[in-house]
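Descriptive structure summary
These are the residues of each chain, in order.
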Amino acid sequence: MSGFKTTTLRCLLALSISLATLVAREVGAAETAAPSVAIHFTLDRPSDASMAPFFLAAKDGRFSAERLNVSFNSATGSPEALARVAKGDSELALVDINELIRFRDKEDSAPVKAVFALFNRAPYAIVARRSRGIEVLPNLDGKTVGVADGDLSMRLWPALAQQNGIRASRVKFHKIGAAVREPILSAGQVDAVAGFNYLSAVNLRDRGVPGADLVVLRFADYGCEAYGFAVVANPAFAAAKPDAVKGFVRALIAGINATVKEPARAADEAAGRIDGGDRDLELARLRTVLADNILTDEVKRNGLGGVEPARLERSIDQIAQDFKFRKRPTAGDIFDDQFLPPVSGRLVN
């Protein structure tokens, strides 16, 4: 009889273990099958190598690992991208943080905030020809600079000129189309052009202008405090799904670290998303972005994605020299750091 009881107990124990295993598997499967959060991510301009960290994060499955289903789309500029986020058509977007500062001053504007600063230094620059007598910023006195419509760098020019003792009236600005910015400089029709440090200079070298004849006058090197491109979030989405925003930021940080480690692979991924993209050209562009705009001393010290509030305040003051605020925003109105990992999770590997 005791043998029968023992056998029965063993059978019951085996059955219990099997049921427990089955339940655990079902729970695990349910967790794995949890629906991912859809994020429509808007880029404020056509794709280029500066966006490689996003593309590499997608390629390497970083977003899906955070249970995010991220789709990319493009806008015609930061104002349009901000409008999409404000309306809720896009949950997140990449925009110029300096355009966000102006956007927040509009009457009844949505309280959109940046949650991650991709560019620690704004890409604003004036690209000039040494053969036209330009070596440093004050050499622009009496020169002609081509400026495309809507160029945000010009919003900070008054502050930059004042800070460097340049009489703004002595610099002639010639309005041009963005498509002819590099051609007219290479043809010698202007002495310099305003643009981004990683676009115009690289494009001009690609057009055959000798690198030794080009000088890139980065605004950041002459006292411009501005941050650059940043990820902004729809306020309702950020409040309802903070973990999704945090997951997006973590995935982006992983994408940046992968880009730093493998810039050639990142450039390949970016070029593949550009119609007629040139891998070597995008790699040159990416190396410039990493060195000049992303991996700054501030980032090496404080980690990726954050801002120094005092510096952001100073950059708002510089914008105010050309832009009359109805109510000047504060750094806290522009940037929300609650979605950032601790500094230890943001240091560049």
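Each remark here, short or long, concerns the structure printed above.
Description of the structure in this document. The structure displayed is predicted, hence computed values, not measured ones.

The helix and strand tally for the protein stands at 15 helices and 10 strands. Looking at the protein as a whole, 49% of its 349 residues are labelled buried. Contacts in the protein between residues at least 24 apart in sequence constitute 79% of all its contacts with a sequence separation of at least 6. By element, 52% of the accessible surface of the protein is carried by carbon and sulfur atoms, the whole surface being about 16100 Å². Placing the 45 positive and 42 negative side-chain charges of the protein at their respective mean positions leaves the two points 2 Å apart.

Okay, empty space enclosed by the protein next. Enumeration according to the criterion identifies one cavity of 30 Å³ or more in this entry. Quantified by volume, the largest cavity comes out at close to 30 Å³. Lining the largest cavity are R121, A122, P123, Y124, N197, R218, A220, D292 and N293.

The subject of this paragraph is the pattern of salt bridges. Summed over all chains, the structure comprises 25 salt bridges. The residue D151 makes a salt bridge to R181 at a minimum N-O spacing of 3.7 Å. One end of the pair, D151, is in the loop between β6 (144–148) and α6 (157–163); the other, R181, is in helix α7 (residues 181–186), with 30 residues separating them in the sequence. Relative accessible area serves as the criterion here: at 13%, D151 is assigned to the buried category. Judged by its relative accessible area of 15%, R181 is buried. R218 is the salt-bridge partner of D221, the closest N and O atoms lying 3.2 Å from each other. Given a relative accessible area of 24%, R218 falls into the partly exposed group. Because the salt bridges share partners, they merge into one network encompassing R121, R218, D221 and D292.

Of the voids in this model, the largest pocket is the one considered here, and its volume is about 750 Å³. Around the largest pocket, the lining comprises 31 residues; the ones closest to its centre are R45, P46, R181, F196 and L199. For the lining of the largest pocket, the elements supplying multiple residues, two or more each, are α7, β8 (192–196), α8 (200–206) and α12 (279–294). A per-class count over the lining of the largest pocket returns nine nonpolar, 10 polar and 12 charged.

Rules used throughout
Starting afresh in each chain, residues are numbered from 1 along the sequence in its written order. Only residues with pLDDT of at least 70 get local features here, since the model is predicted, and only at 80 or more are side-chain atom pairs given and counted; chain-wide, interface and lining totals rely on the full set of residues. Note that the side-chain values use all heavy atoms of the structure and ignore hydrogens as well as water. Helix and strand assignments come from DSSP, with helices taken as H or I runs of at least 4 residues and strands as E runs of at least 2, each series counted from the N terminus. Each residue's exposure class comes from its accessible area (1.4 Å probe, protein chains only) as a fraction of the maximum for that residue type: buried when under 20%, exposed when over 50%, partly exposed otherwise. Whether two residues are in contact is decided by their heavy atoms: any pair within 4.5 Å suffices. Note on areas: these come from Shrake-Rupley sampling with a 1.4 Å probe, and a residue is covered only by the protein chains present in the view. Under the counting rule used here, the positive set is Lys and Arg, the negative set is Asp and Glu, and His together with the chain ends is not counted. A charge is said to be at NZ when it belongs to Lys, at CZ for Arg, at CG for Asp and at CD for Glu. Method remark: on a 1 Å grid restricted to protein atoms, a set of points is classed as a cavity if a 1.4 Å probe fits but cannot get out and as a pocket if it is open with protein on both sides within 12 Å along at least five of seven lines; lining residues have an atom within 4 Å of a point. Grid points are joined across faces, edges and corners, and a volume is the space filled by probe spheres set on the points. Any Lys or Arg side-chain nitrogen found within 4 Å of a carboxyl oxygen on Asp or Glu counts as a salt bridge. Gly is put with the polar residues, along with every residue not named as nonpolar or charged; the nonpolar set is Ala, Val, Leu, Ile, Met, Phe, Trp, Tyr, Cys and Pro, and the charged set is Asp, Glu, Lys and Arg.

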